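Now for the letters of each chain:
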Amino acid sequence: MYPASAAAGGCAARYRGAPVSATTAAHSRFTPPREARPEGRPAPVAPSIPYHGRTVTVRLATPGDLPGLHALGLAILADGRGQVTTLEHADDMVAHARRIEGYFGRPDDAAIFVAVDDEGIAGEGLVRRYQPALTRHAGVLSLGVHPRAQRRGYGRALVRAMCAWANGAGLRRLELFMRADNARARALYESEGFVHEGTRARFVRLPDGTEVDDLILVRFFA
Ligand SMILES: CC(C)(COP(=O)(O)OP(=O)(O)OC[C@H]1O[C@@H](n2cnc3c(N)ncnc32)[C@H](O)[C@@H]1OP(=O)(O)O)[C@@H](O)C(=O)NCCC(=O)NCCS
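Across a regular strand the side chains alternate sides, sitting on one face of the sheet and then on the other. The buried fraction of strand β7 (residues 195-205) amounts to zero of the 11 residues, a small share that puts the element mostly on the outside. Pairing of β7 with strand β8 (residues 211-220), which is carried by seven bridges, proceeds in the antiparallel orientation. Directly across from Gly198, in β8, lies its bridge partner Ile216. Between β7 and β8, which pair antiparallel and follow one another directly, the connecting turn spans five residues, one of which, Gly209, has a positive phi of 95°.

Spelled out as structure tokens, the structure:
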């Protein structure tokens, strides 16, 4: 959600809101990417996602989800793990919300997926296409799951939905940024086909002075 690291980027495709299901027992292994499609062609529905015997559903966000997305963002910032923004800078969230609002009108350039539980929005995945003309084949994703709802498969379902969308949008390269001390995120991303590409050494400086590296992970599509 809130860029785990100061990343920037973008994505695209027409993902027309079919819910993405994540079901089953043992979570499935990484599914090889489908053949890349030219920009603008309809994206495939993301594959079913087995997750420890449960069914996890994510869907495209709508403008009506904005309040829930805001609440989710605050909860993730308050928790702090994996973040580079702190609650003291929650004002950034206003800018974040404005950006999100803008993405709803650009279905070929970005998609926001949400996971919903009984209490509301439980997770968000934002995938965007980079806009410069020579980088439109590349995009970036960000992800956040509410602390109340973690380890229930939402993160995996959101990653798969974003990858399916990116592949359908004709993206060749999908990247993300994450703090090196975020072991659970790394486990998730690597199990979904992302590989470590680079390190921004000492990019994050915690209040106690500890410096933490930041990693670039990437997944390529055909
Ligand atoms: C990282 C995060 C997105 C994972 O989402 P999640 O919904 O909890 O993850 P899932 O339940 O889908 O788990 C998927 C995989 O992630 C890894 N994982 C998740 N939580 C873990 C934990 N507490 N310990 C170790 N691995 C963990 C596992 O590999 C897991 O697969 P498994 O359950 O089959 O072993 C979530 O913890 C989160 O939002 N954290 C705060 C914000 C953040 O770090 N965002 C990512 C920034 S790049």
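With respect to the element layout, Gly153 can be found in the loop between β5 (138-145) and α3 (154-168). Once the C-alpha coordinates of Gly153 and Val56 are considered, the two residues, 97 residues apart in sequence, prove to be 6.5 Å apart.

We now examine the environment of His52. One can find His52 in the loop between β1 (20-22) and β2 (56-60). What makes His52 partly exposed here is the crowd of 14 C-beta atoms within 10 Å.

This paragraph deals with the confidence of the model for the chain. As a note on interpretation, predicted positions should not be read in detail where pLDDT is low. Looking at the chain as a whole, its pLDDT mean stands at 81, while 78% of the residues score no less than 70. Confidence drops under a pLDDT of 50 for residues 2-38, and excluding neighbours within four residues, the segment shows 134 contacts in the predicted structure.

Rules behind the numbers
- Every chain's residues receive numbers from 1 upward, in the order its sequence appears when written.
- Totals for whole chains, interfaces and linings use every residue, but because this is a predicted model, local features are given only for residues with pLDDT of at least 70 and side-chain atom pairs only at 80 or more, for both listing and counting.
- Labels follow a simple rule on C-beta atoms placed from the backbone: if 20 or more others lie within 10 Å of a residue's own, it is buried; if 12 or fewer, it is exposed; otherwise it is partly exposed.
- Helix and strand definitions follow DSSP, with helices as H or I runs of at least four residues and strands as E runs of at least two, each counted in order from the N terminus.
- Here, a strand pair is defined by DSSP locating no fewer than two bridges between the strands.
- Across the chain, each position has a pLDDT score giving the predictor's confidence in that residue, from 0 to 100.
- Two residues form a contact once the distance between their C-beta atoms, set from the backbone, is within 7 Å.

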